[in-house]
Amino acid sequence: MAKRPRGTGSVFKVPGSNNWYIKYHMNGVPKRESTGTDNRRKAENVLRVRLNACAAGTLPINDNVTVTELVSDFLARGRANGDVAIEDSVTRWHLHLQPAFGHLRVSQLTTQMLTQYVEQRKLDPIQWSGQKGKKTGKGVLRYPTVATINRELALLRAAYRLATKCTPPKVMRVPYFPISREDNVRTGFLKDDQYLRLAEECGKIGLWLRGLFEVAASYAWRKSEAAANLRVSQIDLCNRTIDLNPGETKNRGGRTVKMTERVYQIIAVCMEEKAPDNLVFTRLGGSPPGDFRKAWAVACERAGCPGLLFHDLRRTGARNMRRLGIAENVIMKIGGWKTASVFRRYDIVDQSDLADASRRIDDRQKELAIEFGASLGKVGTQNGANDSMVVQ
């Protein structure tokens, strides 16, 4: 048999195996691997694919890359880009994904493993103390939701996709991730008759909570936008505007809103004797609001709306602006929604909206009857029978 040309690799067998093996060089380093077949023609095809990948620079350096390395690269990139949700990703990785997949090489992860992980997570309850990030032996027994499991799988999938963009890529293929369908329609909101009571109870706890409540309910802002990042330098009392800086919001975009009279009065008091880099809303003594879920829960309980989430004010604000006839694109700019499909999940319609729609229809029909000077129709019975209704 003629000797193969230099640089075209080789196909050979090893003692004790029926499969063909191939040998080639990448960056001067010899690589040997089994083709998994006893057919020489198929083995030659595998070798040809490897040589083409080496030439194009798309062959992974080695097969010893682990899932842990991929996720570490992804988290490092998130920190470098200032991802506001990076700590949530770190928690998901360390608590759930790393124990299940961290020891695997990237080529070992399969869809079957991911499916088994989903089923196991659904059956894995955790005792929660009610405080973020703290697991205890006491408290409420909680099962992970579909959305929670999906966010975990999405993190792992994003790490794999990032690895395919490396040079050379660390991953040759991304396995299929079994993302489940979510019922993510938003439903919670603050009713009209609860607004004043809740505002009063928030004020009793502190002006800072009253201000957070008013800003979130007026502009449909997230908690992080109203509490964690709003500083004195972002407030212009002369023009009565609030500026959210680019990069400090969830969607990374900045926006400006005009203050309502009530928001203006509260913020003006909160800003007294504060430096430009100070937070607008602070507790007594100047400390930041931090995790104020307990204070919020107390205010909601006293106001007669227990279980209301602070994020429900975002839905409330969207609904109220829509009721006032504000254009959808303007509401999206104020609240920070990028797509109409996501915004409509927050566009709540309640019983009072339905009653208002019915009243408007009745009013319009009465106007038409007066305008044309004739009856629009009477509902009567045929031969006195109740089972046959006709319009005369």
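So, how was this worked out
- Residues numbered from 1 in each chain as written.
- Predicted model: local features only at pLDDT ≥ 70, side-chain atom pairs only at ≥ 80, totals over all residues.
- Heavy atoms only, no water.
- Axes fitted to C-alpha atoms, helices over the stretch in contact; angles between N-to-C directions.
- Helix = DSSP H or I, 4+ residues; strand = E, 2+ residues; numbered from the N terminus.
- Parallel < 35°, antiparallel > 145°, perpendicular 65-115°, else oblique.
- Contact = heavy atoms within 4.5 Å.
- Nonpolar A, V, L, I, M, F, W, Y, C, P; charged D, E, K, R; others polar.
- Pairing = 2+ DSSP bridges.

Before going further, it helps to examine the packing of helix H2 (residues 67–80) against helix H3 (residues 86–101). Here H2 crosses H3 at 180°, and the two axes come no closer than 11 Å. Here H2 lies roughly antiparallel to H3, going by the angle between them. Judged by residue contacts, Val 67, Thr 68, Val 71, Leu 75, Gly 78 and Arg 79 of H2 engage Ile 86, Ser 89, Val 90, Trp 93, Gln 98 and Phe 101 from H3. Per-class residue counts for the contact of H2 with H3 are seven nonpolar, four polar and one charged.

This paragraph deals with the sheet that holds strand S3 (residues 29–34). Overall, antiparallel pairing links the three strands, which are arranged S1-S2-S3 in an open sheet. Looking at which strands have only one partner, the edges of the open sheet turn out to be strand S1 (10–13) and S3. Pairs of neighbouring strands in the sheet enclose a mean axial angle of 30°, with direction left out of account. With six bridges connecting them, strand S2 (residues 20–26) and S3 associate as antiparallel partners. Pairing of Lys 23 across the sheet is with Arg 32, part of S3. Against the sheet, helix H1 (residues 40–56) makes contact with S1, S2 and S3, and its axis sits at roughly 15° relative to S2, the strand it touches most.

That's the geometry; what it means functionally is another story.
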